[in-house]
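Now for the letters of each chain:
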Amino acid sequence: MDILKNINSINERIHNACKRSGRASSDITLVAVTKTIAPEIINTAITSGIKHIGENRVQELCDKYRDINTGVSHHLIGHLQTNKVKLIVDKVELIHSLDSERLAQEIQNRSQEISKITNVLLQVNISGERSKFGISPNEVDNMLEFVGGLPNIALKGLMTIAPINSDENQTREIFKNLYKLFVDISKKKYNNIYMQYLSMGMSNDFEIAIEEGANIIRVGSAIFKA
Ligand SMILES: *Cc1c(COP(=O)(O)O)cnc(C)c1O
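The paragraphs below set out a description of the structure included in this document. On a predicted model such as this, the values are computed, not experimentally measured, just so you know. (Residues numbered from 1 in each chain as written. Predicted model: local features only at pLDDT ≥ 70, side-chain atom pairs only at ≥ 80, totals over all residues. Heavy atoms only, no water.)

In terms of nonpolar packing, the biggest core is built from 65 residues, with Leu98, Leu122, Leu158 and Ile223 touching the most fellow members. If near-sequence neighbours (up to four positions away) are discounted, Leu158 is found in contact with Leu121, Leu122, Val124, Leu178, Leu181, Phe182, Ile185, Met195, Tyr197, Leu198 and Ser199. One finds Val31, Leu121, Met159 and Ile216 within the second-largest nonpolar core, a separate group that totals five residues. (Core = buried A, V, L, I, M, F, W, Y, C linked by side-chain atoms within 4.5 Å. Buried < 20%, exposed > 50% of the residue type's maximum accessible area, 1.4 Å probe, protein only. Contact = heavy atoms within 4.5 Å.)

Now for unusual backbone geometry. Although it is not a glycine, Thr36 sits at a positive phi angle of roughly 70°. Among the secondary structure elements, Thr36 is positioned in the loop between strand S1 (29-33) and helix H2 (39-47). Exposure remark for Thr36: the relative accessible area of 69% places this residue in the exposed category. In this model, Ser115 sits at a positive phi of 55°, which is unusual for a non-glycine residue. Along the chain, Ser115 turns up in the loop between helix H5 (101-113) and strand S5 (118-123). Residue class for Ser115 comes out exposed when judged on its relative accessible area of 68%. (Helix = DSSP H or I, 4+ residues; strand = E, 2+ residues; numbered from the N terminus.)

The end-to-end C-alpha distance of helix H1 (residues 3-20) is 26 Å, a good match for the 26 Å that 18 residues give at a rise of 1.5 Å each. Within H1, burial applies to Ile3, Asn6, Ile7, Ile10, Ile14, Ala17 and Cys18. Buried residues of H1, viewed axially, fall in a sector of 110°; they line one side. Exposed side chains of H1 directed beyond 90 degrees from the buried face belong to Lys5, Glu12, Lys19 and Arg20. In this fold, the buried residues of H1 make contact with S1, H2, helix H8 (206-211), strand S8 (216-219) and helix H9 (221-224). Immediately beyond the C-terminal end of H1, within one or two residues, lies Gly22, with a positive phi of roughly 65°. (Expected span 1.5 Å × (residues − 1). Arc of directions from axis to C-beta.)

Right, let's talk about the packing of H5 against helix H6 (residues 140-148) for a bit. Contact geometry for H5 and H6: axes closest at 10 Å, N-to-C directions at 20°. Relative to H6, the element H5 is oriented roughly parallel. You can see that H5 and H6 cross each other, and the crossing is right-handed. Every residue of H6 that contacts H5 at Glu101, Ala104 and Gln105 is listed here: Asn142, Met143, Phe146 and Val147. (Axes fitted to C-alpha atoms, helices over the stretch in contact; angles between N-to-C directions. Parallel < 35°, antiparallel > 145°, perpendicular 65-115°, else oblique. Left-handed = near helix turned anticlockwise from the far one by under 90°.)

Turning our eyes to something else, we now look at the layout of surface pockets. To find leftover empty space, a probe the size of one water molecule is rolled over the atoms. Approximately 960 Å³ is the volume found for the largest pocket. Lining the largest pocket are 33 residues; nearest its centre among them are Lys35, Ile161, Ala162, Ile164 and Met202. Counting residues per element, the ones that place at least two in the lining of the largest pocket are helix H7 (168-187), S8 and H9. Here the residues of the lining of the largest pocket are counted per class, giving 13 nonpolar, twelve polar and eight charged. The volume enclosed by the second largest pocket comes to roughly 180 Å³. Lining the second largest pocket are 13 residues, with Asn11, Ile28, Leu30, Gly49 and Ile50 sitting closest to its centre. Mapped onto the lining of the second largest pocket, the elements with two or more residues apiece are H1 and S1. (1 Å grid on protein atoms, 1.4 Å probe; cavity = no way out; pocket = protein on both sides within 12 Å on 5 of 7 lines; lining within 4 Å. Points joined across faces, edges and corners; volume = space filled by probe spheres on them. Nonpolar A, V, L, I, M, F, W, Y, C, P; charged D, E, K, R; others polar.)

Here the focus is H5. Taking 1.5 Å per residue, 13 residues should reach 18 Å; H5 reaches 18 Å between its end C-alpha atoms and fits that length. Taken together, the buried positions of H5 are occupied by Leu103, Ala104, Glu106, Ile107, Gln108 and Ser111. Summarising the contacts, the buried residues of H5 are in contact with helix H4 (85-88), strand S4 (94-98), S5, H6 and strand S6 (153-159).

Another point: the pairing of S1. Counting buried residues in S1 gives five out of five residues, a clear majority hidden from the surface. Of the two faces of S1, the one lined by Thr29, Val31 and Val33 and the one lined by Leu30 and Ala32 are each fully buried. Of the pairings in the sheet, the one linking S1 to S8 comprises four bridges and is parallel in character. Bridge pairing in S8 places Ala32 opposite Val219. Pairing of S1 with strand S2 (residues 52-55), which is carried by three bridges, proceeds in the parallel orientation. If you follow Val31 over to S2, its bridge partner there is His52. (Pairing = 2+ DSSP bridges.)

This is how it looks when you write it as structure tokens:
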């Protein structure tokens, strides 16, 4: 596994996708997705320039947390169960997977206990199929009103996952729709809602995501492959 080479190649692809879409590569945050990857290897990625890492499971994030080099931001990108919020709220820079009012309330309560304002993204299920998690677009407005009343949450943007088997056109359509929603919300006024980040795109589709407006991409296998 040549992690530095993989990262350089991804950065080059980010750069080219940005060029095609008239954007600056400095606008894009690369989150290295480290599920199933051992801490030593994650630390190699960090010394190769990675500044953000993402885990999709709370248990795994906690197990590895102390063995990961400092100076890196931790992201929780997978489904978050309400009873596990307390385990990670002090560790993460951004939770990508807010998907219910109950979860928002628990993040509020646990953040308040430690006097923290926790950054979250709302996970939206644009495709309406396959992916089990994320709220549907027509529930977004109520959710934003609800989160607006929670002072220890800063809702910083939106996240989605394209279905695994969708073709390029379907994927692009999903990303376009999330971007539209992002722009629509940006024009409205809610408390505690800042449409700053759009998290979409993984190893197989991050270039499409960038072309359609993503500024956070979550890339795992393309970094840690052999
Ligand atoms: C695993 C995972 C990724 C990264 O997937 P790759 O295809 O390995 O790049 C991104 N986002 C989420 C939510 C994931 O669980």
